[in-house]
Number of protein chains: 2
Amino acid sequence: MTPMKEDYIKIIFELGGINKKISNKEIALALDVAAGSVTEMISKLVEEKLVVHEPYAGISLTKKGQRYATELVRKHRLWETFLVDKLNYNMADVHPEAEVLEHQTSDRLASSLDNFLGYPKHCPHGGVIPDENGHFDDISHEMLAMAKDNEEVEIERFLDNHELLVYLTDLGLNVEDDIKVIRHDPFEGPIQIVRKTDQKAMAVSYKAAHNIFVRKTNG
Amino acid sequence: MTPMKEDYIKIIFELGGINKKISNKEIALALDVAAGSVTEMISKLVEEKLVVHEPYAGISLTKKGQRYATELVRKHRLWETFLVDKLNYNMADVHPEAEVLEHQTSDRLASSLDNFLGYPKHCPHGGVIPDENGHFDDISHEMLAMAKDNEEVEIERFLDNHELLVYLTDLGLNVEDDIKVIRHDPFEGPIQIVRKTDQKAMAVSYKAAHNIFVRKTNG
DNA sequence: GCTAAATATTAGGATTGCCTAAAAATATAT
DNA sequence: ATATATTTTTAGGCAATCCTAATATTTAGC
């Protein structure tokens, strides 16, 4: 297993390759490689029984591939947590470092790191950290953008996108914040919210609000 | 700069490529590659002005190459320190993990890690950790094997060799221990020593004693 | 000081992973 | 329903890094 194969497996996972078939093009776009390179690499992953490939129809992960992908996600997120919790990185800066470290992380190292960090459940932007056996809790797919006015929700997770994370850091909005939705401005305007703990009012852009996932906290 | 090139640079450094010319064969043996591969890679490193190569005479590091090598050593030893001090690895187990992590460590990460560890001067087996500018203190080249009977010395450093480190861990001898040499048994027999702090007597094999470096502590 | 042994370099190939361009298959739109 | 557009696969190449085998150079023994 090389780092590049790992990248393919992980991106297929992130594109939803557990449930549905992923197209060649999606992978090529996500990894920024040529379509031909994808076909070639996929055929190798098929040999290793990590993915199944129906030509022209799509690619999905086998059980083995899924296990592998969760391991990578686990390692990635443990490193992100380490960087933020111990080395004082900010959330928006950790992705590239974790991206390279994850490929060089033995199971033993992941396990020691997990212990050192106190078995965190979530990475800095709210993603679930799978446990050693690849188990992880369900995540919310409810976007902040869809929450109703006056609804009270907890910020659960941000998409792992640099621009977004910088924006949110500037804004001061964090994972686990309990907030109340005030109103949705028209014409794709910002969603106005208030953080319950300190009554801080914030305006979250329409686009950002589609990349923030929340969980209801009131009846 | 690829990880393999980094490995070449680092091994040339470790073989003494700052002061003397290193032979093709030494590198080939140390990296376990064919001699032809070394010649080829060296010619690339020459192009990048990292080494100078006098055909048939030997290879040594340029200033640029030295700078690069110390950076790698710094990263390697910071990781080793992290693994022992924070993740409770034992000294003998850290080398392979550090070996791969070092290649994926940005300067920023090294710097943050250094700070987190409290700017350690030495790695777990006593090697000097160069600072951010590549500066590092001189090291002792005085072998325990050469210390005279009744001499009192401090254990400064062990060679980074797995077998040796396992042996020393079992023996209970550590870097920074203050010891007194009792006697040298004949016929390459062990060196008998006593640790001053707890009066623990230890017999260090002749071979190990050639891989342990010490610093005199009495007049 | 010459010959044999050791060491170094060159040459030719393999593998991995990428690319571009051409060909094949599928999807879309009128 | 067929022509066009899109997507996928195939084919042929390139770069990095390794290998083995052949050749060249240096070192060492007698």
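None of the values given here were measured: they were computed from a predicted structure. (Residues numbered from 1 in each chain as written. Chains lettered and ligands numbered in written order. Predicted model: local features only at pLDDT ≥ 70, side-chain atom pairs only at ≥ 80, totals over all residues. Heavy atoms only, no water.)

## Digging into the interface of chain A and chain B
Going by this rule: Only heavy atoms matter for contacts: two residues are in contact if any of them lie within 4.5 Å across the pair. Here the quantity called buried area is the accessible surface, traced with a 1.4 Å probe, that two parts lose on coming together, added over both. By convention in these notes, a salt bridge is any Lys or Arg side-chain nitrogen within 4 Å of a carboxyl oxygen on Asp or Glu. Polar contact criterion, stated in full: a pair of N or O atoms within 3.5 Å, where within protein one must be able to donate a hydrogen and the other to accept it, and residues adjacent in sequence count only if both atoms are side-chain atoms.
On the side of chain B, 17 residues touch chain A, which itself brings 17 residues to the contact. Taken together, both faces of the contact between chain A and chain B bury some 1,600 Å²; the carbon and sulfur share is 64%. Three residues stand out in chain A for area buried against chain B, namely Leu87, Gln104 and Arg108 of chain A, and they jointly supply 30% of the buried area on that side. Where chain A meets chain B, there are two salt bridges. Between Asp93 of chain B and Arg108 of chain A there is a salt bridge, and its shortest N-O distance comes to 3.1 Å. At the junction of chain A with chain B, the criterion picks out six residue pairs in polar contact (both at pLDDT 80 or more).

## Overview of the protein's contact with DNA strand D
Our working rule: Residue proximity to a molecule or strand is established when one non-hydrogen atom of the residue lies within 4 Å of it. Secondary structure elements are defined from DSSP: runs of H or I of at least 4 residues count as helices, runs of E of at least 2 residues count as strands, and each element is numbered from the N terminus. Ten residue types, Ala, Val, Leu, Ile, Met, Phe, Trp, Tyr, Cys and Pro, are classed as nonpolar, four, Asp, Glu, Lys and Arg, as charged, and the remainder, Gly among them, as polar.
Near DNA strand D there are 21 residues, and of these Lys25 and His53 of chain A together with Thr2, Ala34 and Ser37 of chain B occur at the shortest range. Among all atoms of DNA strand D positioned within 4 Å of the protein, those belonging to sugar or phosphate total 73%. A distance of 2.6 Å separates a phosphate oxygen of DNA strand D from a polar atom in the side chain of His53 of chain A. Of all the elements in the fold, those that place two or more residues in the surface near DNA strand D are α2 (24–31) and α3 (35–47) of chain A together with α1 (3–14) and α3 (35–47) of chain B. Here the element with the most residues in the surface near DNA strand D is α3 of chain B; it accounts for four residues. When its residues are assigned to classes, the surface near DNA strand D shows nine nonpolar, seven polar and five charged.

## Concerning the environment of Pro124 of chain B
All names here are of chain B. Selection rule: Type-normalised accessible area, obtained with a 1.4 Å probe on protein chains alone, sets the label of each residue: buried when under 20%, exposed when over 50%, and partly exposed for intermediate values.
Mapped onto the elements of the fold, Pro124 is located in the loop between α6 (107–117) and β3 (152–158). When its relative accessible area of 18% is taken as the criterion, Pro124 is described as buried. Once residues lying within four places of it in the same chain are set aside, the contact partners of Pro124 are Glu80, Thr81, Val84, Met91 and Val175.

## Examining the side chain of Thr70 of chain A
Within the secondary structure, Thr70 of chain A is located in helix α4 (residues 63–85). Classification of Thr70 of chain A by relative accessible area gives buried; the value is 7%.

## Digging into the domain arrangement of chain A
We apply this condition: Note that the domain bounds were set by an automatic or database domain assignment.
For chain A, the domain assignment lists domain 1 (3–61) and domain 2 (144–216). Taking only C-alpha atoms into account, the centre of domain 1 of chain A sits 33 Å from that of domain 2 of chain A.

## Observations concerning the protein's contact with DNA strand C
Taken together, 21 residues are adjacent to DNA strand C, and Thr2, Ala34 and Ser37 of chain A together with Lys25 and His53 of chain B come closest. Among the atoms of DNA strand C close to the protein, meaning within 4 Å, 78% are from sugar or phosphate groups. For DNA strand C, a phosphate oxygen lies 2.8 Å from a polar atom in the backbone of Ala34 of chain A. The separation between a phosphate oxygen of DNA strand C and a polar side-chain atom of Thr39 of chain B is 3.2 Å. Of all the elements in the fold, those that place two or more residues in the surface near DNA strand C are α1 (3–14) and α3 of chain A together with α2 (24–31) and α3 of chain B. Per-element tally for the surface near DNA strand C: the top contributor is α3 of chain A, with four residues. Taken together, the residues of the surface near DNA strand C sort by class into nine nonpolar, seven polar and five charged.

## Remarks on the pattern of salt bridges
Opposite charge on two side chains makes pairing possible when the charged atoms of those side chains draw close. Summed over the entire model, instances satisfying the criterion amount to 29 salt bridges over all chains. A salt bridge links Asp107 of chain A to Lys75 of chain A; its shortest N-O distance comes to 3.0 Å. With Asp107 of chain A in helix α6 (residues 107–116) and Lys75 of chain A in helix α4, the pair connects residues that are 32 residues apart, well separated along the chain. A relative accessible area of 48% places Asp107 of chain A in the partly exposed class. Between Asp177 of chain B and Arg195 of chain B there is a salt bridge; the shortest N-O distance is 2.7 Å. With Asp177 of chain B in the loop between α7 (162–171) and β4 (178–184) and Arg195 of chain B in strand β5 (residues 191–195), this residue pair connects regions lying 18 residues apart in the sequence. Both residues of the pair, Asp177 of chain B and Arg195 of chain B, count as buried.

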